[in-house]
Amino acid sequence: MERTTSPTRPPLPGAAGLPGRTRIPGVAGLPDTAGLPDTAGLLDGIPCQRGARPAPLVAERPGERCAEGPAEPSARTGPAPRPRRPAGFRVRVPVPFTLAYAALLAVTSYVAEHADPALVYALYQGSSTDVAHLLQTPALVLVASALWVAGGFVSPFTLGFVVALTALERRIGGARTAVVFLLGHVPATLATEVPVGLGVLVGWLPDSSLHRLDYGISFGVAASVGALAGLLGPWPRALLLVAFGGMLLRDLIAYTDPLTNWGHLIALVTGVAVWPWVRRWDQRGRPVRPRPTAPLSAA
């Protein structure tokens, strides 16, 4: 490989007699380098220095796009990556209280349908809000009695439960819906059982009336329907109250179970009585929309 020396270094001994070189006129001891390649910027003794120099990287200014266009993406040989969930991703259930309560009622209804009849009767008896249980364990039986559906899961009150509590929970929330349900369930139960205890006490009713079966969700459903009516417009409210109240009055006139029928009417009136609170809760849950303001006319 041909090597050259830098013009700044002194000539090698005997360079003056090398063939193919001419001396620079007027300069003694320096050969003529006119026909040789440019060696500026090269280091002595290091081969392979004549390749193309890489172009310096130019920082791209903000808002300025390179003239060559965007770089092509490299081909992927592996499977495509799975999309990641954004941070804070949550599955929002619209009516958690109603759905959880309905699932619990479905389980207890399945047990009542397929379990041994003796076991089912024992469960009903232990959950009954009769006078004897209310005197011994009132809180336990008031909660346990609301875990069963009288007439099975396909009773009309089950449909009313799902429709009324779903609509009510979407307007006022799950916790307040539970409060409305309990306001219908507890007072109506006490209003129908206290007279029974007084009737036994004065001798108007037999002692067996202290252990009558009393369970179900119908009182809470009636109160929820009454409370929901207060959130509807005038015409839907009137239609709902006339239809539901007429059904309860028809059952009362039939006189098949007067204590339960009176309890339904008491629970419905309780739901109507909480209209001020329900409407206030509904207004708090709604987003406040700014009122449009009229543009000021130029004077």
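Above this text sits the structure in question.
Residues numbered from 1 in each chain as written. Predicted model: local features only at pLDDT ≥ 70, side-chain atom pairs only at ≥ 80, totals over all residues. Heavy atoms only, no water.

Asker: Even after reading the chapter, I still don't get the overall build of the protein chain, so can you show me in this structure?
Answerer: Along its length, the protein chain carries 10 helices and zero strands. Helices and strands in the protein chain line up, N terminus first, as α-α-α-α-α-α-α-α-α-α. Accessible area for the protein chain stands at about 21500 Å²; split by element, carbon and sulfur atoms hold 65% of it. (Helix = DSSP H or I, 4+ residues; strand = E, 2+ residues; numbered from the N terminus. Areas by Shrake-Rupley, 256 points an atom, 1.4 Å probe, with all protein chains shown as cover.)

Asker: Please clarify how the environment of Pro 94 should be interpreted in this entry.
Answerer: Structurally, Pro 94 is set in the segment before helix H1 (96-114). A residue is classified by how much of its surface remains accessible, and Pro 94, at 45% relative accessible area, is partly exposed. As for Pro 94 and Arg 170, which are separated by 76 residues in sequence, their C-alpha atoms are 7.1 Å apart. (Buried < 20%, exposed > 50% of the residue type's maximum accessible area, 1.4 Å probe, protein only.)

Asker: Please clarify how the packing of aromatic side chains should be interpreted in this entry.
Answerer: For any pair of aromatic rings, geometry is given as the distance between the ring centres together with the angle between the planes. Under the counting rule described, the total for this entry stands at six aromatic pairs. Both rings, one in Phe 161 and one in Phe 181, keep their centres 6.4 Å apart while their planes meet at 90°; by these two values the pair is edge-to-face. Of the two residues, Phe 161 sits in helix H5 (residues 156-172) while Phe 181 sits in helix H6 (residues 174-202), which places them 20 residues apart along the sequence. Accessibility expressed as a relative area gives 3% for Phe 181, which makes it buried. A connected cluster of aromatic rings, assembled from ring pairs, spans Phe 97, Tyr 101, Phe 161 and Phe 181. The ring of Trp 275 has Arg 237 sitting right over it, with the charged end atom 5.5 Å from the ring centre. (Phe/Tyr/Trp six-rings, centres within 6.5 Å; stacked < 30°, edge-to-face > 60°. Lys NZ or Arg CZ within 6 Å of the ring centre and 35° of its normal.)

Asker: Looking at this structure, I do not really get the pattern of salt bridges. What am I missing?
Answerer: Should their charged atoms come close, side chains of opposite charge can pair. Under the criterion given, the structure shown has four salt bridges. One salt bridge in this structure joins Asp 251 and Arg 250, with 3.9 Å as the shortest N-O distance. Here Asp 251 falls in the partly exposed class, since its relative accessible area comes to 25%. Accessibility expressed as a relative area gives 55% for Arg 250, which makes it exposed. When salt bridges that share partners are traced, they join Glu 193, Arg 212 and Asp 257 into one network. (Salt bridge = Lys/Arg side-chain N within 4 Å of Asp/Glu carboxyl O.)

Asker: Help me out: how do you make sense of helix H8 (residues 234-254) in this one?
Answerer: Since the α-helix turns once every 3.6 residues, residues separated by three or four places project in the same direction. Compared with the 30 Å implied by 1.5 Å per residue over 21 residues, the 30 Å span of H8 between its first and last C-alpha is a close match. Residues of H8 that are buried: Phe 244, Gly 245, Leu 248 and Leu 252. The buried residues of H8 occupy one face: seen down the axis, they fall within an arc of 95°. More than 90 degrees from the buried face of H8, the exposed residues found are Trp 235, Leu 239, Val 242, Ala 243, Arg 250 and Ile 253. Of the surrounding secondary structure, the elements contacted by the buried residues of H8 are H5, helix H7 (218-229) and helix H9 (258-273). Two residues or fewer past H8, Tyr 255 is found with a positive phi of approximately 60°. (Expected span 1.5 Å × (residues − 1). Arc of directions from axis to C-beta. Contact = heavy atoms within 4.5 Å.)

Asker: Is there a simple way to think about the nonpolar core in this case?
Answerer: The nonpolar side chains of soluble globular proteins are, as a tendency, buried together. Tyr 101, Phe 161, Phe 181 and Ile 217 are the most contacted members of the largest nonpolar core, which has 22 residues in total. At the level of secondary structure, the elements contributing two or more residues to this core comprise H1, H5, H6, H7, H8 and H9. No other element matches the five residues that H7 contributes to this core. In this structure, Ile 217 is in contact with Tyr 101, Leu 105, Ala 146, Trp 148, Val 149, Phe 157, Phe 161 and Phe 181, ignoring residues within four places of it in sequence. (Core = buried A, V, L, I, M, F, W, Y, C linked by side-chain atoms within 4.5 Å.)

Asker: How should I be thinking about the side chain of Asn 261 in this particular structure?
Answerer: With respect to the secondary-structure elements, Asn 261 resides in helix H9. Looking at Asn 261, its side chain comes within polar contact range of the main-chain oxygen of Asp 251, at 2.9 Å. Dropping the residues within four chain positions of it, Asn 261 is found in contact with Asp 251, Leu 252 and Thr 256. (Polar contact = N/O pair within 3.5 Å; in protein donor to acceptor, adjacent residues only side chain to side chain.)

Asker: Quick question: what am I supposed to make of the side chain of Ser 224 here?
Answerer: As for its position among the elements, Ser 224 is in helix H7. Ser 224 has contacts with Ala 164, Leu 165, Leu 168, Val 180 and Phe 181, leaving out every residue within four places of it along the chain.

Asker: Teacher, can you tell me more about the packing of H8 against H9 here?
Answerer: If you want to describe how two helices pack, look at the angle between their axes and the distance between the axes. Between H8 and H9, whose axes approach to 8 Å, the crossing angle comes to 160°. Taken together, the axis directions place H8 and H9 in an arrangement best described as roughly antiparallel. The handedness of the crossing between H8 and H9 is left-handed. For the pair H8 and H9, the contacting residues are Leu 241, Phe 244, Gly 245, Leu 248, Leu 249, Asp 251 and Leu 252 in the first and Pro 258, Asn 261, Trp 262, His 264, Leu 265, Leu 268 and Val 272 in the second. Across the contact of H8 with H9, the residue classes break down as 10 nonpolar, three polar and one charged. (Axes fitted to C-alpha atoms, helices over the stretch in contact; angles between N-to-C directions. Parallel < 35°, antiparallel > 145°, perpendicular 65-115°, else oblique. Left-handed = near helix turned anticlockwise from the far one by under 90°. Nonpolar A, V, L, I, M, F, W, Y, C, P; charged D, E, K, R; others polar.)

Asker: For this particular structure, what's the right way to read a nonpolar patch on the surface?
Answerer: Together, Leu 190, Val 194, Leu 198, Leu 201, Val 202, Trp 204 and Leu 205 make up an exposed nonpolar region whose accessible area comes to about 770 Å². With respect to the helices and strands, Leu 190 occurs in helix H6. (Patch = residues over 30% accessible without salt bridge, like charges linked within 9 Å, V, L, I, M, F, W, Y side chains within 5 Å.)

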